[in-house]
Amino acid sequence: MPEPAAVVVLVSGSGTNLQALIDACADPAYGARVVAVGADREGIEGLARAERAGIPTFALSVKDFETREEWDAALAGAVAAYDPDIVVLAGFMKLVGSTFLGVYGGKVVNTHPALSPSFPGMHGPADALAYGVKVTGATLFVVDPGVDTGPIVAQRAVEVAPDDTVESLHERIKVAERGMLVDSIGAMAREGFVVEGRRVRIGRLDPLD
Ligand code: GRF
């Protein structure tokens, strides 16, 4: 069996997406291994989940740096120590900058709780609910310099229920999001992937393409 792909996961909160990846990686056939977990703050459940799984962690807070650029470069350096094949932003509530993307561009994916290009930004579930859409969901995309604008790897649709609150809708989106993340990262790790303009292809190219 080939070496599993090395994955660094960055988190800011509860880390349920991270946990889904850690659990999937327990199966050697999955093809990936979480080699480190980083955060932009201390004391979060996401870091505790990593520690419980025996995965190395680091935390770099923007406020501990003179400039946002210095934080970004330090983050790139901390991630580089683990030489990842894929970097997963899983509920990481900071935009990575040009230094980070200069090193890892094309290998960084982010999960967003809405169906891009609708409802980018920090409040995807609330914005979808306020707009009154009947279907929303989750999007996994390759990070570019924009806010939730990168080429799309995968999407999962979630119906909005008439009595949904932001919390109930987000919880249902997160179930879909975790499944999407686990399926996509496994496929990317096992089969490889290529970004061609706005299209992300996983695995072997169709000979008819
Ligand atoms: C996810 O819905 C993510 O897309 C959003 O915040 C949530 C993080 O959840 N930005 P968790 O920390 O993985 O539980």
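These numbers come from a predicted model, not from an experiment.

## Focus: the overall build of the protein
Then, in step 1: Of regular secondary structure, the protein possesses six helices and nine strands.
Then, in step 2: Here the protein has a C-alpha radius of gyration of 17 Å; the compact-globule value for 209 residues is 17 Å, and the two agree.
Then, in step 3: On the principal axes, the C-alpha backbone points of the protein span a range of 50 × 45 × 35 Å.
Then, in step 4: Looking at the protein as a whole, 47% of its 209 residues qualify as buried.
Then, in step 5: Long-range pairs, those at least 24 residues apart, make up 61% of the contacts in the protein with a sequence separation of at least 6.
Then, in step 6: Here the protein displays about 10300 Å² of accessible surface, and carbon together with sulfur accounts for 54% of that area.

## Digging into unusual backbone geometry
Then, in step 1: The omega torsion across Ser116 and Pro117 is 5 degrees, close enough to zero to call that bond cis.
Then, in step 2: Despite not being glycine, Asp83 has its phi angle at roughly 45 degrees, a positive value.
Then, in step 3: By the element assignment, Asp83 lies in the loop between α3 (68–80) and β4 (86–89).
Then, in step 4: Residues other than glycine seldom take positive phi values, yet Asp148 does so here, at roughly 60 degrees.
Then, in step 5: Looking at the element boundaries, Asp148 is found in the loop between β6 (135–142) and β7 (152–159).

## Some thoughts on the pattern of salt bridges
Then, in step 1: With the rule as written, the count across this model stands at six salt bridges.
Then, in step 2: Residue Asp40 is joined to Lys94 by a salt bridge in which the shortest nitrogen-to-oxygen separation is 2.8 Å. One end of the pair, Asp40, is in the loop between β2 (32–39) and α2 (45–52); the other, Lys94, is in the loop between β4 and α4 (98–104), with 54 residues separating them in the sequence.
Then, in step 3: Among the residues examined, Lys94 registers a relative accessible area of 21% and is labelled partly exposed.
Then, in step 4: Here Asp164 ties to Arg172 by a salt bridge, and the two come within 2.7 Å at their closest N and O atoms.
Then, in step 5: When its relative accessible area of 11% is taken as the criterion, Asp164 is described as buried.
Then, in step 6: Within the structure, one salt-bridge network assembled from shared partners comprises Asp40, Arg41 and Lys94.

## Digging into the site of the ligand
Then, in step 1: Every residue lining the ligand is accounted for by Gly13, Ser14, Gly15, Thr16, Asn17, Gly91, Met93, Thr111, Pro113, His170, Lys174 and Glu177.
Then, in step 2: The side chain of His170 places a nitrogen or oxygen atom 2.7 Å from an oxygen atom of the ligand.
Then, in step 3: The separation between an oxygen atom of the ligand and a polar side-chain atom of Lys174 is 2.8 Å.
Then, in step 4: When isolated, the ligand has an accessible area of 360 Å², and the protein chains bury 90% of it.
Then, in step 5: Most atoms of the ligand, that is more than half of them, are within 2 Å of grid points of the largest pocket.
Then, in step 6: For the shell around the ligand, the elements supplying multiple residues, two or more each, are α1 (16–25) and α6 (166–191).
Then, in step 7: Among the elements that make up the shell around the ligand, the one with the highest residue count is α6 (three residues).
Then, in step 8: When grouped by side-chain class, the residues that make up the shell around the ligand number two nonpolar, eight polar and two charged.

## Overview of the UniProt feature "active site" (unreviewed entry) in the protein
Then, in step 1: In the numbering adopted here, UniProt assigns the feature "active site" (unreviewed entry) to His112.
Then, in step 2: Inspection of the secondary structure assignment puts His112 in strand β5 (residues 108–112).
Then, in step 3: Residue His112 is classed as buried on the basis of its relative accessible area, which comes to 2%.
Then, in step 4: Those residues in contact with His112 that lie beyond four places of it in its chain are Ser118, Phe119, Pro120, Gly121, Gly137, Ala138, Thr139, Phe141, Asp148 and Glu177.

What counts as what
Residues numbered from 1 in each chain as written. Predicted model: local features only at pLDDT ≥ 70, side-chain atom pairs only at ≥ 80, totals over all residues. Heavy atoms only, no water. Helix = DSSP H or I, 4+ residues; strand = E, 2+ residues; numbered from the N terminus. Rg over C-alpha atoms; globule rule 2.2 N^0.38 Å. Buried < 20%, exposed > 50% of the residue type's maximum accessible area, 1.4 Å probe, protein only. Contact = heavy atoms within 4.5 Å. Areas by Shrake-Rupley, 256 points an atom, 1.4 Å probe, with all protein chains shown as cover. Salt bridge = Lys/Arg side-chain N within 4 Å of Asp/Glu carboxyl O. Near = heavy atom within 4 Å. Polar contact = N/O pair within 3.5 Å; in protein donor to acceptor, adjacent residues only side chain to side chain. 1 Å grid on protein atoms, 1.4 Å probe; cavity = no way out; pocket = protein on both sides within 12 Å on 5 of 7 lines; lining within 4 Å. Sits in = over half its atoms within 2 Å of the grid points. Nonpolar A, V, L, I, M, F, W, Y, C, P; charged D, E, K, R; others polar. UniProt positions renumbered as here; feature names shortened; annotations may be inferred.

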